[in-house]
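Here are the chains, one letter per residue:
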Amino acid sequence: MTTGAPPTEAAGPARAGASAGRDVVRRALSLLAPLAGLAVLLLVAAVTTPGFYSAGVLQLVLFQIGLIGVTAVGQTLVLLVGGIDLSIGAVIGLTTVVIAEHSRGDGERLGVAILLATAAGAGVGLLNGLLVVRRQVPAFVATFATFVLVQGVITAWTRGAPSGNIPGELSPLGIGRWLGIPVPLWAFLVVAVVAGVVLGRTGLGRRLYATGANERATALSGVRTRWIIAGCFVASGLLAVLAGLINAGYIGYVDARLSRSLDPNSVAAAVIGGIALTGGRGRIGQTVVGVTLLAVLLAWLRQLGAGAGAQLVVSGAVILLAVWLQGSGWAARSPRRIKQRDGVR
Amino acid sequence: MRIHSSTSRRSRPLRLPLAIGLTAVLVTACGTEQEGATAGGGGGGGGGASGEECANAEEAQASYEQAWTETAQQLGLENLEPTEEQVCEVDTAPWAAEPKNGETYRIAFAAQGPTNSWGLTNEEAFRQRAEEVGVEVLYASANGDATAQVDNIQQLASQDPDALVVVPMGDGITGQVQAAAGQGIPVVLCAGRLSDSSSVVSTVTRQYELLGSAYAEWLVQQLGGEGQVAVLSGLAGVPTAEYQKAAALEVFAEHPGIEVVTEQYTEWSPTVAKQVAANLVTQYPDLDGIWSDSGYGDLGVVQAYQEAGRPVPPVTGDAINAFLKAVQGTDVRFALSSFPPEQSMQCLDTAMAALAGEPVLDKVYINSPSFTHEQIDEYVRPECTDNLFVPSALPDEQLRELGLC
């Protein structure tokens, strides 16, 4: 089972064949809407912005996919267990500050700096997880609070002016290419494949989906759901650290804006791909399509000369559209939703 | 930061309200982002002289034009004309007063807060000048947010200071500024302005229009009056960005040979600027110049062109050490000026002059150095951090204490 259907939905042996068939149809349907959106977008971009299909723009899109994708995978994990992580932007910013402050531009200190940044990211993820599972704070509130907290820590620590530089040794992670493809994209692909395998092929993945679909029932069946939820927040924090390292390598400076951004792209990409905000449904493949769609969309908007305001409006509108479609359109027609509606479990 | 929430009468589709709430939070968070000193305002305008005849107009006007003349000289500009602006002298006799409390004056400072190195330097310079002139400082930080500053001004005014100096975070604070003035506290606006400044004694700031026009004139001159130009502004809707850009576009409009091919925002972020510039490289391969209001943005621009293996077009921006360090030893051509954080020193001086009953100008447009690539060696500070605004008026020892050098 790779689609997030909870174990309580397991079909009897006699219906296994029919169920497998429906599973394939369901998978196809779940990818159809974002893929159709991507196709339409590519067509509109071709018509409205001549030169969109140049090698230069393609490189930009591939880079953007890598940058957004790493955080989108973390966000997907959190969304699958019914949470949301708004602290990703703050962890990205914190990572660049830790790297600059500790390494002071010295490549020899980079290793320790990365370890410190990783610990910080894991710490923020753990704090989010504990707030959610131990204190039952809604993830939306808990992660927003840590977002503000981390911003405050950065400001108090650096007084708004981080000293130190990003070591040049980190730049291949941001601007390097391997086989002509930007390194950030490779990083995303590796992360996505690992996450996809864990979610689709392991017991941990099954427990994760079950936790997102119905935490109480899953906990009653003996699964340590709290560990799983907290683990997803920690994973998201760690992937935000990776995104922070990519960002630091890309620009080579501490960008004060990074820690102040709520990073809407990770949520937008996952939701556009069809990951349910209510948890338990969605696959990494959908996130990959969502990330691609969003990266193309942002590149197209930039080519059109749209400002940051327009980009935010479009990101917000696309989240709304995707959620609306999930709630009333294509997702409702999937076999599992029909069964749920009819009370068949 | 406010969080907008939505509710739905329908119980089933919980996802839509959640998404609306999420989107609102995202947009609100990004919309309230402040950078440097920001303030609203159509034409600035000190209130001291409003409704009356302009006092000592000739001398006041000459001091206003001086900043333009010096900038033109420093950048070698032939056609830099000051924008129309009436500057008058204010009679501060009604504000003249002995210290209300004890023997030293207590000056309230509603600061931006140390959200970036500009804010840090701005308040440290104020403190230093306060120490020099022997006054006590009542301090409040807005953390770059106008809503927080509304509370700050109320709290500061309630302590009945002798004068109030405000680094305005937006037009939203106008009511509190008027209320403070109504309480008999002389108010000086510092490093920014308000649309309605009729209640303040004086507005002390580097003029946005001067920066925007000077950068544009320098580019026009570099290009011989002909070529394609991209305009990279900071943050949409923020006065620091919008007034500079508007002034630049006016200059470009006067030169028919100059074509502004695109206007984009960099959010004063090197990361965003680099992505924007990477697009410029592919989309406008014949671009001749880049007008930018930010040295931080220029960092991204230079990297994008260098990584694409293309020559960097002439750029403009404010003088941040990171940019100078990055381009030292290269053939990048640029013109830089500054919105110096240390202007807070002149703000305090103006407040003290008002308390002494000495005449001040309703608009003190301060002067600060402008320079081009030819003078880079005079201004770059390799021993200091990237975040230092150069040249700094603070002593080296203090810069080291602040971690800026």
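Bear in mind the structure is a predicted one, so any value in this text is a computation, not a measurement.

1. Notes on the overall build of chain A
Here is step 1 of the chain: Helix and strand counts for chain A come out as 15 helices and 2 strands.
Here is step 2 of the chain: Burial statistics for chain A: of 345 residues in total, 56% are counted as buried.
Here is step 3 of the chain: Contacts in chain A between residues far apart in sequence, at least 24 positions, make up 77% of those at least 6 positions apart.
Here is step 4 of the chain: Total accessible area computed for chain A in this model is approximately 13800 Å², and 67% of it derives from carbon and sulfur atoms.

2. Describing the nonpolar core
Here is step 1 of the chain: Counting 196 residues, the largest nonpolar core has I107, F252, L324 and F334 of chain B as the members making the most contacts within it.
Here is step 2 of the chain: For this core, the element with the most residues is helix 2 (residues 55-80) of chain A, which contributes 15 residues.
Here is step 3 of the chain: In this structure F334 of chain B touches W218, V315, F323, L324, V327, F371, T372, H373 and I376 of chain B, once residues within four positions along its chain are discounted.
Here is step 4 of the chain: If you look at the next biggest cluster of nonpolar residues, it comprises 19 residues, including A110, L138, L164 and V187 of chain B.

3. Description of the confidence of the model for chain A
Residues and elements named next belong to chain A.
Here is step 1 of the chain: Residue-level pLDDT values for chain A average 84, and 86% of them are 70 or greater.
Here is step 2 of the chain: Below a pLDDT of 50 lies the segment residues 1-14, which in the model reaches 28 contacts outside its immediate sequence neighbourhood of four places, other chains included.
Here is step 3 of the chain: Low pLDDT, under 50, characterises residues 331-345; the predicted model gives this stretch 25 contacts beyond four residues in sequence or across chains.

4. Section: the side chain of T287 of chain A
All names here are of chain A.
Here is step 1 of the chain: On the secondary structure map, T287 appears in helix 13 (residues 284-303).
Here is step 2 of the chain: At 2.9 Å, the side chain of T287 forms a polar contact with the side chain of T76.
Here is step 3 of the chain: Leaving out residues up to four positions away in the same chain, T287 has contacts with A72, V73, T76, A269 and I275.

5. Considerations on helix 4 (residues 146-158) of chain B
Residue and element names in this part refer to chain B.
Here is step 1 of the chain: Taking 1.5 Å per residue as the helical rise, helix 4 with its 13 residues ought to reach 18 Å, and the 18 Å between its terminal C-alpha atoms agrees with that figure.
Here is step 2 of the chain: Turning to helix 4, its buried residues number three or more, namely A146, Q149, V150, N152, I153, L156 and A157. Seen along its axis, helix 4 keeps its buried residues to an arc of 165 degrees; they face one direction. Of the residues in helix 4, the exposed ones pointing more than 90 degrees away from the buried face are Q155 and S158.
Here is step 3 of the chain: The inward-facing, buried residues of helix 4 abut strand 2 (106-111), strand 3 (136-141), strand 4 (163-166) and helix 5 (174-182).
Here is step 4 of the chain: Looking one or two residues beyond helix 4, the residue adopting positive phi is D160, at roughly 50 degrees.

6. Focus on the packing of helix 3 (residues 117-133) of chain B against helix 11 (residues 344-355) of chain B
Residue and element names in this part refer to chain B.
Here is step 1 of the chain: Relative orientation of the contacting elements helix 3 and helix 11 amounts to 40 degrees, with a least axis distance of 8 Å. Between helix 3 and helix 11, the crossing angle belongs to the class labelled oblique. Every pair of crossing elements has a handedness; the one defined by helix 3 and helix 11 is right-handed. Contacts between helix 3 and helix 11 involve N122, A125, F126, Q128, R129, A130 and V133 on the former and, on the latter, S344, M345, L348 and D349.
Here is step 2 of the chain: Split into classes, the residues belonging to the contact of helix 3 with helix 11 amount to 6 nonpolar, 3 polar and 2 charged.

7. Things to note about the packing of aromatic side chains
Residue and element names in this part refer to chain B.
Here is step 1 of the chain: Throughout the structure, instances matching the rule amount to 13 aromatic pairs over all chains.
Here is step 2 of the chain: A ring pair is formed by W118 and F339, whose centres lie 6.0 Å apart and whose planes are at 25 degrees; its orientation type is stacked. Taken together, the residues span a long stretch of sequence, with W118 in helix 3 and F339 in the loop between strand 11 (334-337) and helix 11 at a distance of 221 residues.
Here is step 3 of the chain: By relative accessible area, which is 4% here, W118 ends up buried.
Here is step 4 of the chain: Residue classification places F339 among the buried positions, given a relative accessible area of 9%.
Here is step 5 of the chain: On the numbers, 5.9 Å between centres and 20 degrees between planes, the contact of Y208 with Y243 is stacked. Remark: Y243 occurs in helix 7 (residues 239-253) and Y208 occurs in helix 6 (residues 208-222); sequence separation between them is 35 residues.
Here is step 6 of the chain: For Y208, a relative accessible area of 1% corresponds to the buried category.
Here is step 7 of the chain: What links up through ring pairs into an aromatic cluster is the set W118, Y208, Y243 and F339.

What counts and how
- Residues numbered from 1 in each chain as written.
- Chains lettered and ligands numbered in written order.
- Predicted model: local features only at pLDDT ≥ 70, side-chain atom pairs only at ≥ 80, totals over all residues.
- Heavy atoms only, no water.
- Helix = DSSP H or I, 4+ residues; strand = E, 2+ residues; numbered from the N terminus.
- Buried < 20%, exposed > 50% of the residue type's maximum accessible area, 1.4 Å probe, protein only.
- Contact = heavy atoms within 4.5 Å.
- Areas by Shrake-Rupley, 256 points an atom, 1.4 Å probe, with all protein chains shown as cover.
- Core = buried A, V, L, I, M, F, W, Y, C linked by side-chain atoms within 4.5 Å.
- pLDDT = per-residue confidence, 0-100.
- Polar contact = N/O pair within 3.5 Å; in protein donor to acceptor, adjacent residues only side chain to side chain.
- Expected span 1.5 Å × (residues − 1).
- Arc of directions from axis to C-beta.
- Axes fitted to C-alpha atoms, helices over the stretch in contact; angles between N-to-C directions.
- Parallel < 35°, antiparallel > 145°, perpendicular 65-115°, else oblique.
- Left-handed = near helix turned anticlockwise from the far one by under 90°.
- Nonpolar A, V, L, I, M, F, W, Y, C, P; charged D, E, K, R; others polar.
- Phe/Tyr/Trp six-rings, centres within 6.5 Å; stacked < 30°, edge-to-face > 60°.

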